[in-house]
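If you want the building blocks of each chain, they are given just below.
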Amino acid sequence: MNVKHQSWIPGNFKSVPDTGRTAQHDVVQHGWTPITTTTSVLGVVFESGVALAADTLTSYGSMACFQNNPRILTVNQNIIVAAAGEYSDYQFIRDVVEDKVRTEKSLNDGISMKPKALHTWLSRVLYNRRTKMKPLWSTFLVAGVQNDVPFLGEVDKLGTAFVDEQIASGYGAYLALPLMRKAIDEKREKLNSKLTKDEAIDLLKKCMEVLYYRDARSHDKYQIGIVTKDSVEIQNLTLKPRWEVAKLVQGYE
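Conventions we followed
- Residues numbered from 1 in each chain as written.
- Predicted model: local features only at pLDDT ≥ 70, side-chain atom pairs only at ≥ 80, totals over all residues.
- Heavy atoms only, no water.
- Pairing = 2+ DSSP bridges.
- Helix = DSSP H or I, 4+ residues; strand = E, 2+ residues; numbered from the N terminus.
- Axes fitted to C-alpha atoms, helices over the stretch in contact; angles between N-to-C directions.
- Contact = heavy atoms within 4.5 Å.
- Buried < 20%, exposed > 50% of the residue type's maximum accessible area, 1.4 Å probe, protein only.

**Some thoughts on the sheet that holds strand 8 (residues 138–146)**
In a beta sheet, neighbouring strands pair by backbone hydrogen bonds and run either parallel or antiparallel. Read from one edge of the open sheet, five strands run 6-7-8-9-10, paired in antiparallel fashion. In this open sheet, the two strands that pair with only one neighbour each are strand 6 (72–76) and strand 10 (161–163). Geometrically, the sheet is characterised by an average inter-axis angle of 20 degrees between neighbouring strands, direction not taken into account. Of the pairings in the sheet, the one linking strand 8 to strand 9 (residues 149–155) comprises seven bridges and is antiparallel in character. Counted as the bridge partner of L141 is E154 from strand 9. Contacts from helix 3 (residues 115–131) reach strand 6, strand 7 (79–85), strand 8, strand 9 and strand 10, with the element oriented near 160 degrees to strand 8.

Here's what the structure looks like:
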């Protein structure tokens, strides 16, 4: 491969969105730190699909600034994507993905994007931006069903990608992920089976409630996205907090 003439860079094997070129002597830098951020996003695989959960709050520093910013995206009939981190970076990826979906529909060849393909493409996009020292400050969860098999994968701002049956980002990795693993392990040990759809939804509701009590950047309004081989559903939910649990917190008087 002729590196010099093809301007090859790491992570550029796949088509990635053009972010423009910076002038040679331009000292203005953009995107070094996230500004308007979102918190944890959760995902869990159940017997016939995948469920994602994320609240709708976008914080400006420590201020709960925008309280109605959904971040679960329906890509097509078998893929949903959720994001955590810088909200504008999620909006950028959302616009690019929606453009890819429109292009596929215009071809009218009966072929639609698959969750594994989108997961791989996102890993290349984020790694490409990392190598340019202009990372997208976001973590993405890709959920879908491919060949009747549920798929759940994560891609972080460095382009690191992996697949698992339960994934949580942010504070959810410390507070919610243990609860999710425990529920899945108990169901596997007792009944040698996976969670049902209703059990997965109830589990995510429990995790979102725990995060609302313990994570100062979380919100009581949230969404749960469910994808199966037959449908995609987004539920808008609101917590009913029980603050009597505050009496159980000791040592902070």
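**Regarding the pairing of strand 3 (residues 49–55)**
Of all seven residues in strand 3, seven are buried; the element is thus mostly enclosed. Note that strand 2 (residues 41–46) and strand 3 share six bridges and pair antiparallel. Within the sheet, the bridge partner assigned to V41 lies in strand 3 and is A54. When strand 3 meets strand 12 (residues 221–228), the two strands line up antiparallel, connected through seven bridges. Bridging across to strand 12, G49 finds its partner in T228.

Shape is all these values report; function is a separate question.
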